[in-house]
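# A structural walkthrough
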Amino acid sequence: MRPPAPELDGTGLPHPWDPLDHISGIAADPLRLILVIGNPQDRNTPFDLQARFAAALRQHGHRVMLLERPAAPPEYHDLTGNAAINAIQLCPQRGHSPTP
């Protein structure tokens, strides 16, 4: 996707918020599992950026899972089938192990 103007990014924002710039501000918690959920065909938030975010989280010592889920065409940005709600099952309850 091309930006609508040279001074804007693909979202159309002049100064978008990039979560990669804020990973150092995420508090460590060895019991927390961070889920990054997306679709490889996403035309709004490219999946490779989501994968880079998940990898950077891992490099900073966070537990993270990158999940691919179905999404609606043509943008493939809106996940289908309650992907986020269903993925919650992967999260451990405090003090318990996750169920893969």
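Further up the page is the structure itself.
### Topic: the overall build of the chain
A tally of regular secondary structure across the chain gives two helices and two strands. Beginning at the N terminus, the succession of helices and strands in the chain can be written as β-α-β-α. Within the chain, the fraction of its 100 residues that count as buried is 24%. Summarising the internal contacts of the chain: among those between residues at least 6 apart in sequence, 60% fall at separations of at least 24.

### Focus on the environment of Pro92
Secondary-structure assignment places Pro92 in the segment after helix H2 (83-87). The spatial distance from the C-alpha of Pro92 to the C-alpha of Arg32 is 7.7 Å, given a sequence separation of 60 residues.

### A few points about the nonpolar core
Judged by nonpolar contacts, Ile23, Ile34, Val36, Phe53, Ala54, Ala56, Leu57 and Val64 together constitute the single largest core of eight residues. Elements that contribute at least two residues to this core include exactly strand E1 (33-38) and helix H1 (47-59). It is H1 that provides the largest number of residues to this core, a total of four residues.

### Section: the pairing of strand E2 (residues 63-68)
Alignment of E1 against E2, held across six bridges, turns out to be parallel. What sits directly across from Ile37, in E2, is Leu67. Running through H1, the crossover from E1 to the neighbouring parallel element E2 is right-handed.

### Describing the side chain of Asp42
With respect to the helices and strands, Asp42 occurs in the loop between E1 and H1. An unpaired buried charge is present at Asp42: no salt bridge exists, and Arg43, the closest side chain of opposite charge, is 7.9 Å distant. A polar side-chain atom of Asp42 sits 2.6 Å from the main-chain amide nitrogen of Asn44.

### A closer look at the side chain of Asn39
With respect to the helices and strands, Asn39 occurs in the loop between E1 and H1. You can call Asn39 buried: its relative accessible area is 7%. Of note is the side chain of Asn39, whose polar atom sits 2.8 Å from the backbone oxygen of Arg69. If sequence neighbours within four positions are ignored, Asn39 has contacts with Phe47, Arg69, Pro70, Ala71, Tyr76 and Leu79.

### Regarding the environment of Tyr76
On the secondary structure map, Tyr76 appears in the loop between E2 and H2. On the basis of relative accessible area, Tyr76 is assigned to the partly exposed category, the value being 22%. C-alpha separation for the pair Tyr76 and Gln41, spaced 35 residues apart in sequence, amounts to 5.8 Å. With residues near it in sequence (within four places) discarded, Tyr76 still touches Asn39, Gln41, Asp42 and Ala71.

Rules used throughout
- Residues numbered from 1 in each chain as written.
- Predicted model: local features only at pLDDT ≥ 70, side-chain atom pairs only at ≥ 80, totals over all residues.
- Heavy atoms only, no water.
- Helix = DSSP H or I, 4+ residues; strand = E, 2+ residues; numbered from the N terminus.
- Buried < 20%, exposed > 50% of the residue type's maximum accessible area, 1.4 Å probe, protein only.
- Contact = heavy atoms within 4.5 Å.
- Core = buried A, V, L, I, M, F, W, Y, C linked by side-chain atoms within 4.5 Å.
- Pairing = 2+ DSSP bridges.
- Right-handed = clockwise from strand over helix to strand, strands pointing away.
- Lys, Arg positive; Asp, Glu negative; His and termini not counted.
- Salt bridge = Lys/Arg side-chain N within 4 Å of Asp/Glu carboxyl O.
- Polar contact = N/O pair within 3.5 Å; in protein donor to acceptor, adjacent residues only side chain to side chain.

Limitation: the analysis is restricted to geometry and does not speak to function.
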